[in-house]
Structure formats: C-alpha cells, structure tokens
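Single-letter residue listing:
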Amino acid sequence: MWLFAVGFFVHLIFFVSVFDIYFRTPLSHGMTPQSHSLPPAARRLVLVVADGLRADVLFDYTNHTTRAPFLRSIIENNGTWGVSHTRVPTESRPGHVAIIAGLYEDPSAIAKGWKENPVEFDSVFNESRHTWCWGSPDILPMFASGAERGHIETFMYKAEEEDFASNDASRLDTWVFQNVESFFTKASENKMTREMLHQDRIVFFLHLLGLDTNGHAHKPHSKEYLKNIETVDAGIQKTIEAFEGFYNDRQTAYIFTSDHGMTDWGSHGAGDPSETETPIVAWGAGVALPKDPSEFKEKMMYDARVERWGLTHVRRHDIHQADVAPLMASIVGIPIPVNSVGKLHIEYLATSDEYRSEALFANARQMLAQYQRKRIQKEEETLPIFYWPYTTLTPDRELELLATIRNYLKTSQFDAANSESLRLIAMTQQGMDYYHNYDRLVLSIHIALGFLGWIFLIVCHLLRDHSAVLRMAGGTIEGRRVWRSSFLMALVLVVWGITNLTRLLGQQHPWQHYLYLMTPVGLWALVHQSCAPLRVAWLLLCSFNMVMAFFLRPMLSVGLLCVGLWPVIMYTMQGTVERSMRLVWIGSCVLLASFTYMPVVGRESYYPMVEVAGLVAFMLGSIGIYWCGSEGGLPRHIPGVVYVQGLMVLCSVLLVHSTSYSLSQKEGLPAVNQLAAWSLLVLSLLLPLLGSQNMMGRLLSVTASLFCPFMLLSIRHEGFFYIALTIAMYLWLILEFYLAESNVQIAMLKFATWGHEGSINKERVLEWSDVRRAYFFLFFIVLAFFGTGNIASVNSFDPSFVYCFVTVFSPFVMGSLLLYKIIIPFLLVTCFFHAICILIKVPTRALFYVFLVMSDFMALHFFFLIRTDGSWLDIGTSLSHYVISMATTLFLILLYFLAKFLTTFQIGKSPEEKECVLPRVSVGRPHRD
C-alpha cells in the first residue's frame, strides 16, 4: 500500500511538471514601447488574412492561368511578395497572434483553450490609434478583449454561420467584403466616424474564414476551395476600390497573407510545408515595388515551384510569420508590439534609407528591451552561486552596440547601421531563448532522475522479494563491498539534497519547484534503503549509454571509463602485480576510447597506417607466444599452426603494400595479389581448426587468423582498433579469471582448456556478477560495431575496402566481404566471452535472457525514435537502429555458436595432447561484483 501511495503521488508530480517545464509563457511585462520619430510611410494599413490559404495554391500558374488575377497583377506591377513561413502548431489562434502580435503561440494557452488569452500581450492593434475588424467570432474577440482604451471595434457574423456542411462557405468572406463597403458608405454620412477614419496610425483587419471552412469540408483542391480563392481575389479588388474611393490620397498600405495552410486531406496543425507555407503580398504606400532578381547580388529564394508559379521575373522575399507585425508597425509608424520576436525586413519598405535604418534600429531596441527584462528577472531571483549569465550580450556589450548604431545613423552610414541592428537582433533572440529556458535543463534532469528512481525502486522491490539476485551473502569481502557502494550512494544523496535545498531556499522559485527538485532525492533515498542501487543501475543506465552510442560515438568513451574503473571501485587489490594489472586494464580502455573520437573510416584511405598496424600486431603476437610458452615449453601450449599464422600476418602486410602501390600507379590489381588475398582469406578460416584445446593457444590462433582478412579489408586505422580491442579482451579474460578466486594465480591460465560447457553450467545459478559480464559483452559488441565509425548501411562504405580482393564492381562479392569485415570484431569479442564463460562456469543459457532484457530496453528507445520524415538517410538510419537492437539477441546466439565452433572444434586432435586440470574456481557463493 505504501508503494502504491508513493507511486500515485510521484506520478501526479511528474504529470504537472510538464506544464511548468515545457508550457511556460515566454512573455515578459514592463517594457517600454520602442518606435522611431520620423513621419510614417503610410497613414493607415489594411490587413487581410485568408484563413487556411496555401501558398502554392494561390501562386499556381499552371497553363498560364491564375485563380487570383488581381493579386497576381499586384505582385507583378505594384508590390512585394514572398512566402510567409509559420510555426507549429499551424492553427488559427497561434497564426493570428504571430501576424498581429509578432509572437509565436504562448505554450501556456494549452491549459486554457485556444480561444482565450491566458496572459495579456501587446499587438499592432493595441499600439494603433484605432482599429476596425471584420470577420469570425472565434478570432476577433481575442484581440479586442485586451484593449483598455476601447479603440478596437469588431464586426462579426454569428457563430452558427461557420458550418462545415455548407455547400459553399465563401459566403463568410462575401459577408466581410459587403460589410466593409457598407461601413464606408455609412462613414461618409457620419462626421465622427469620418474624422476618426482620417486620422493616422489606424488599422483595418479583414478576417476571411471561407477558405479554411471549405478546405476542411471539401479539401484544398476541390472546386469549392478553388472557387473561394476567386471570390477572395475579386472581393479584395472591390474592397481596395472602396478604400481608395473613400480616401483618394494614396496613403493606404495593404498586406495580404494567411494564418496557416492545409494538407491535401484538409487538416492542419502539424509541420508539413503545405501547412507552414502561406502567401504574403504587400503593396500601397510605403511598400516597395516589384524588383528584377538580376538587380541583386544575392540569389533569390528559389525552389522548383517558382517556375510553376510563373514568377521567376519578380524577386521573392520570404519572411517568418512573426516578421509581419514589425513590418506593419514600421509602415504606419507605431511602436512595435513589446512582446514581438519578429524581425523587420526592410526590403519590403519603399522609403528613404534613413527611414529604413531608423525602423530597423527601433526593432533592435524593442528586442533588446525584452532581453534586458528577462535578464533582470533572472538576476533578481537567482543566487549568485547558481547564476550563469548570457556572456554573449553583457550590459557593457549592449551599450557598445547601441552607441555604434547611433554613430552610424548620425554619420548616414545606413548600411553599416542596418548590419549592426540585425546583429543585435540575432543576439537578443538567442539571449531571450537562453533565459526563458534557463531552468528547463535542471528541472528536466530532476524529473528524469525521478522517473529512473521510481523504476529502480520497483526493480529493487521485485528482485529483492521475488528473486535471489539481490539477496546478499554475509561474507566479509561481500559486506565490505556493499558497504562501500552504500556509503558512496548515501554521500551522493546528502550532497544532492543540500544543493537543491540551497537553490530553493535562497532563490525565488515557485512552490512546485520544491516538489520537482526534492522528489527525486526522496525516491533515490528509498532505492538506497531497499537494495544496492548501483547494481540495479547497471541494467538501465548502461543500456541507455549504448542507445546514445548509436547517435554519438563518443558516448562509448563514457561506457569505457566505467568499464575501466570497474576493478578499482568494486575490488581492493593488494600487491604490485594486481596494481599493475589494474593500470594496464584502465590504459587499454582509454586506448579504445580514443578511437571513438577519430574520424569515421571510409572518407579517405592511408595504407601505410594499415601496414604499421600489421607489424605491430606481429610483434605483440610474438610477445604473446613467448608469455604462453615461457613455462612448460612451446609445443605443450602453443600449436604449431600459430607460427604459420604469424607468417600470414607478415604476408598480409606485404600484400597491402604491393596492392596499394599498384593502384596508386594506375596499374590495377595484380592477379598474383588477388590470388594471394583470397588464399589468405580461406586459410584464415581453416587454420584455427588445426589448433589445440589449450585455451590461450587457441585464442592466439583465432586472433591471428581473424586479423589477416581484417587487415586486407582495412584502409586506415582499423588495424590499430583491432589490436586495441584484442588487448582489452585478453586483459578482460585475465581479470575475470583472477578476480573469480583470489587463490588462483594468473600463470595457471596458461594451462586452461575448453572443457565441456554443458555439464558445468548445471553447477550454479545466475548471479549478479554474471549480469555485469553480460553487459560488458554487449557493450564490447556495440563498441566493435561503432569503434571505427561503421554504421548499418551499405552507403556508408567505400569500394576501396575490398581492393585487395576485387576491383571490378560486383555487389554480392563486395557486400559479402564488407559484411565479413564487420563480423570479425564481433567474432573476436565473442570468442573471449566464450572463454570467460568456460573459466568462470557462467550459465550461458540464463545469460541470454539478460541479453534479451538489455536489447529490448534499447529497442524500446529506438521504437520511439523511428522517423517518417526528413531525408531517406534519416529514415533508414532510424529504422536500422531499431532492427539492429531487435535482432541483437538472435545475432549474439549465432555469434556464440560460431565462436564455440572456432575455439573448441579440432581437426585431427593430437593423441599426446592432455587436458590440464585447473584448481577449482569457487562459484558456490556470490562473486565480489
């Protein structure tokens, strides 16, 4: 019951935390509106938003016909055009907020519904002297409700008119156009309204919902949708005639755009280009006329659709949707909304250079004011010890940039001023993101640790009460090891808890942050009390490390660091031999870790490195032969075939040198070299079967045989990786043998034989040390796969890998050779793991269930990371990761049986050979890790 109560409380906290971490409002308040003091470029502005209009459908010019002849004539003769790129979610509320307020969807709105403003924000309407709006009751109230001066007037049809079952929803747009004309007709007869309409800095907003409704009901390529575009185009033309007839002063600017697009099946909300790409057309007072693309040094935004649109002769200017707000504010000379994150595109302005520079500078100061407010808030609520400022834009740097821009404006260096303003805008945008997400990383890490703590608590409960894995023996060494890990865990918990309390009590954090930061500490304290948590952590954290290695090769170095420190943390070694062995083991792990930071093999070849690796392997092999035969005589421990394999390594070095020289001289692959390479490949598969049953001798034979074809298939530093991996495997075998029983000396390993695994495995059950060995094996398999950068794709490899065997294109032969090269390191690791299983009497059948758990845990991660968008490479790679992890257990079983065949099967066993008997390795009690 207590576990159930804790689980309910914890999951409630985790659920609520999502809204505080990811759905926090980005808005700040208290900033001063920023504007320039020059006369406005236009006295009024008309904003027309066609809800749900796709850019490609509006601009389409198939068969030299258009559905919007008036807007097309504006693009070609009177204005500036482009594509406005929206952000997800591509819905009506966030789209209109981005256009009119210059800010993207407030994430906190998810808790209140998309029709209601959860917080107050500034907008172009709010900064205007007066705004008149016509359109949908779903959109207009959200901007009018926050107007304190009552200067925003709305005219809306009834909500019941928005009927998706309607035969033609374009009547909603017709209603807007008709009511605008009627408004001006009545205004000409009303003195007060007429005077208001002739003031400057006023805005008109026309919201057209017909296209969105028809798109949902009939799809974007239906006749109803396409006919609606014609209705909108004709309605805009008549409305402009009404405006120009009423004012007749050429002081009106017009902007036509859309809040979002729509998929072919009539939906929106996601990030498909059909949903995020909307049209923008601007014309009238203060707006630039069409430009020829050849007049500009930089290339025009171009894609294949521009030709289909028939607009290659008119320069295209793409913007982000939030950039529309500062553009509108700059045209009519009002302050940019204080919460806007949009950037002014001065190429849309047909004004003096001074006006453009002053408007852009006002945009930079408005962005800087937001950044300064966020920075001050974070400084006030954070202790100095926990505060890390955004160093790119310090207060001194702000003053320097502002002074520089003002000096450029004063000396009429407008291009330089524009560059500095854009630079300042970019820096403030990055700074605002930095401070807005300041606490996200810390909170996310604590919530993740809380989840892991809960998982470990459940695992501890299950393993302690329902299995024998965590039942501890009362031995002195075991108790000392458990005490050391428990003390380490307790120390970490105390430091963690004190740090979090200091952060919370000394800073202005909301009360819920206390729960987010302290709950994980409490959960891990329960884990610490329930069982030895460092044991349970192996299964999940280590598997997660292997998952990360699929994306970041250097993550393998983290795992190698843990593997290298394993004997240091878990064992207290005494004596010179033991300490030197520990240092050599750590050194071998560091050496292997260095390969994860090297360039991916395959980008370019360097055969001298392959040749040096072959010579180094030959020398190390000679040392290994000497060590194995130093006592008892060479014939007893080392099969004669090993010396033949040593000569094969030297032959492989000569073969690589000769072949690379011949290819560099454009002489092709000599037939003798090709025959020799294939002969070495066949011999490398047969010679290990002629070896003895002596374990170290057979492993030397297998190592040498696998190295020859691996070197012939190498083009750079892969040979050194094979050598480093082999050294690590020998040391792993020696360490496991030595640490299994302190009374056994390492020298006795020379006399070990393979024995009969099946009968031995019945002697004991699975222990926790076996789980650790299983992880080591799986980790080394992953390391063997990614150590030199090879990934599961034929496209990742170069044909130069197989030039020692074949140069004529043969997909099957080349693919088979490349696959064999990938398998060789796997086979090497598996042979040594098989030897460890024999020496330590590991129950291998039970061990494969552990592999299944680990691989399934990895597969679970990759299942949620499968991609269906992006490039084919991204999609294929994500799918390959999932398939590899799912097939890991089956693949390891096949590898294990193949390794068992290579190490135990013998052709023509010598009659004089005797199997040596080792002192019995104690396995009746839990091992010390």
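Conventions we followed
- Residues numbered from 1 in each chain as written.
- Predicted model: local features only at pLDDT ≥ 70, side-chain atom pairs only at ≥ 80, totals over all residues.
- Heavy atoms only, no water.
- Helix = DSSP H or I, 4+ residues; strand = E, 2+ residues; numbered from the N terminus.
- Buried < 20%, exposed > 50% of the residue type's maximum accessible area, 1.4 Å probe, protein only.
- Contact = heavy atoms within 4.5 Å.
- Areas by Shrake-Rupley, 256 points an atom, 1.4 Å probe, with all protein chains shown as cover.
- Core = buried A, V, L, I, M, F, W, Y, C linked by side-chain atoms within 4.5 Å.
- Phe/Tyr/Trp six-rings, centres within 6.5 Å; stacked < 30°, edge-to-face > 60°.
- Lys NZ or Arg CZ within 6 Å of the ring centre and 35° of its normal.
- Salt bridge = Lys/Arg side-chain N within 4 Å of Asp/Glu carboxyl O.
- Pairing = 2+ DSSP bridges.
- Axes fitted to C-alpha atoms, helices over the stretch in contact; angles between N-to-C directions.
- pLDDT = per-residue confidence, 0-100.
- Polar contact = N/O pair within 3.5 Å; in protein donor to acceptor, adjacent residues only side chain to side chain.
- Parallel < 35°, antiparallel > 145°, perpendicular 65-115°, else oblique.
- Left-handed = near helix turned anticlockwise from the far one by under 90°.
- Nonpolar A, V, L, I, M, F, W, Y, C, P; charged D, E, K, R; others polar.
- Disulfide = S-S within 2.5 Å.

(A) Inspection of the overall build of the chain at higher detail. Tallying secondary structure elements over the chain gives 34 helices and 8 strands in all. By the burial criterion, 53% of the 929 residues in the chain qualify as buried. Within the chain, counting contacts between residues at least 6 apart in sequence, those at least 24 apart form 79% of the total. For the chain, the exposed surface amounts to about 40,900 Å²; the carbon and sulfur share of it is 63%.

(B) Local environment of the nonpolar core. In terms of nonpolar packing, the biggest core is built from 107 residues, with Trp585, Leu592, Leu699, Leu725, Trp732 and Phe780 touching the most fellow members. The greatest single-element share of this core, amounting to 19 residues, is contributed by helix H31 (residues 811-840). Sequence-distant contacts of Trp585, defined by excluding residues within four places in its chain, comprise Val563, Gly564, Trp566, Pro567, Ala728, Leu731, Trp732, Leu735 and Phe780. Ala101, Ala329, Val332 and Tyr348 belong to the second largest nonpolar core, which has 63 residues in total.

(C) Structural detail: the packing of aromatic side chains. Across all of its chains, the model carries 44 aromatic pairs by this definition. Geometrically, the ring pair formed by Tyr157 and Trp175 is edge-to-face, given 5.3 Å between the ring centres and 90 degrees between the ring planes. Highlighted residues: Tyr157 in the loop between strand E4 (152-156) and helix H7 (171-187) and Trp175 in helix H7, separated in sequence by 18 residues. Tyr157 sits in the buried class, given a relative accessible area of 7%. Taking relative accessible area as the criterion, Trp175 reaches 25% and is therefore assigned partly exposed. Aromatic side chains Phe184 and Phe243 sit 4.6 Å apart centroid to centroid with 70 degrees between the ring planes, which places their arrangement in the edge-to-face category. Here Phe243 lies in helix H10 (residues 223-247) and Phe184 lies in helix H7, a separation of 59 residues in the sequence. The buried category is assigned to Phe184, whose relative accessible area is 4%. Three or more aromatic residues joined by ring pairs form one cluster here, namely Trp132, Trp134, Phe155, Phe183, Phe184, Phe204, Phe243, Phe246, Tyr247, Tyr254 and Trp283. The ring of Tyr104 carries Arg87 above its face, with NZ or CZ at 3.9 Å from the centroid. The positively charged end of Arg365 is found above the aromatic ring belonging to Phe361, 4.6 Å away from the centroid.

(D) Looking closely at the pattern of salt bridges. The full count for this structure, using the stated rule, is 18 salt bridges. The salt bridge partner of Arg201 is Asp200, with a shortest N-O separation of 2.9 Å. The closest approach of N and O atoms between Glu379 and Arg375, which form a salt bridge, is 3.9 Å. Here Glu379 and its partner Arg375 are both found in helix H14 (residues 353-381), 4 residues apart, which amounts to about one turn of the helix.

(E) Molecular detail of the side chain of Ser274. Along the polypeptide, Ser274 turns up in helix H11 (residues 273-276). Judged by its relative accessible area of 12%, Ser274 falls in the buried class.

(F) Representation of unusual backbone geometry. Despite not being glycine, Arg250 has its phi angle at roughly 55 degrees, a positive value. One can find Arg250 in the loop between H10 and strand E6 (252-257). One non-glycine residue, Ser412, lies in positive phi territory at about 60 degrees. Inspection of the secondary structure puts Ser412 in the loop between helix H15 (395-410) and helix H16 (414-436).

(G) Region of the structure containing the environment of Val57. With respect to the helices and strands, Val57 occurs in helix H2 (residues 55-59). Distance from Val57 to Pro279, taken between C-alpha atoms, is 9.4 Å for residues 222 residues apart in sequence. Not counting chain neighbours up to four residues away, the residues in contact with Val57 comprise Arg67, His221, Tyr225, Leu226 and Ile229.

(H) Examining the pairing of strand E3 (residues 130-135) more closely. Judged by how many residues are buried, E3 sits mostly within the fold: 6 of 6 residues are covered. Burial along E3 is two-sided: His130, Trp132 and Trp134 and Thr131, Cys133 and Gly135, pointing in opposite directions, are all buried. Relative to strand E5 (residues 202-208), E3 runs parallel, the two sharing 5 bridges. Its bridge partner lying in E5, Trp134 is registered against Leu206.

(I) Quick peek at the sheet that holds strand E1 (residues 44-50). A sheet is described by the order of its strands in space; here 8 strands give the open sequence E4-E3-E5-E1-E6-E7-E2-E8, paired in mixed fashion. Unpaired on one side and paired on the other, E4 and strand E8 (319-320) mark the two borders of the sheet. Of the pairings in the sheet, the one linking E1 to E6 comprises 6 bridges and is parallel in character. Residue Arg44 lies in a different strand from E6, and its bridge partner there is Thr252. Relative to the sheet, helix H4 (residues 92-101) contacts E1, E5 and E6, its axis offset from that of E1 by approximately 165 degrees.

(J) Looking closely at helix H13 (residues 324-332). Counting buried positions along H13 gives 9 out of 9 residues, so the element sits mostly inside the fold. Listed as buried for H13 are Val324, Ala325, Pro326, Leu327, Met328, Ala329, Ser330, Ile331 and Val332. Immediately beyond the C-terminal end of H13, within one or two residues, lies Gly333, with a positive phi of roughly 75 degrees.

(K) Seen up close, the confidence of the model for the chain. Here the chain averages 79 in pLDDT, and 76% of its residues register 70 or above. Ignoring residues within four places in sequence, the model shows residues 910-928, a span with pLDDT below 50, making 45 contacts including any to other chains.

(L) Structural detail: the environment of Thr257. Within the element layout of this structure, Thr257 appears in strand E6. The exposure class of Thr257 is buried, given its relative accessible area of 0%. Among all residues touching Thr257, those that are not within four sequence positions of it are Leu47, Val48, Val49, Ala50, Ser84, Ile99, Thr278, Pro279 and Ile280. A distance of 2.8 Å separates a polar atom in the side chain of Thr257 from the backbone oxygen of Pro279.

(M) Structural view of the packing of helix H27 (residues 695-712) against helix H28 (residues 718-740). In the contact formed by H27 and H28, the axes pass within 11 Å of each other and the chain directions differ by 165 degrees. Between H27 and H28, the interaxial angle falls into the category roughly antiparallel. The handedness of the crossing between H27 and H28 comes out as right-handed. The segment H27 lies against H28, with Met696, Leu699, Leu700, Val702, Thr703, Leu706, Phe707 and Phe710 engaging Glu718, Gly719, Tyr722, Ile723, Thr726, Tyr730 and Leu733. Classifying every residue of the contact of H27 with H28 by side-chain character gives 11 nonpolar, 3 polar and 1 charged.

(N) A look at the packing of helix H26 (residues 671-686) against H27. For the pair H26 and H27, interaxial distance at closest approach is 8 Å and the crossing angle is 150 degrees. Our classification of the angle between H26 and H27 gives roughly antiparallel. Crossing of H26 over H27 shows left-handed handedness. Contact residues: Ala677, Leu680, Leu681 and Ser684 in H26; Ser705, Pro709 and Leu712 in H27. Classifying every residue of the contact of H26 with H27 gives 5 nonpolar, 2 polar and no charged.

(O) Focus on the state of the cysteines. Taken as a whole and assessed by the stated rule, the structure comprises 0 disulfides. Unpaired in this structure, Cys651 has its nearest cysteine sulfur neighbour in Cys708, at a distance of 8.4 Å. Given a relative accessible area of 41%, Cys651 falls into the partly exposed group.

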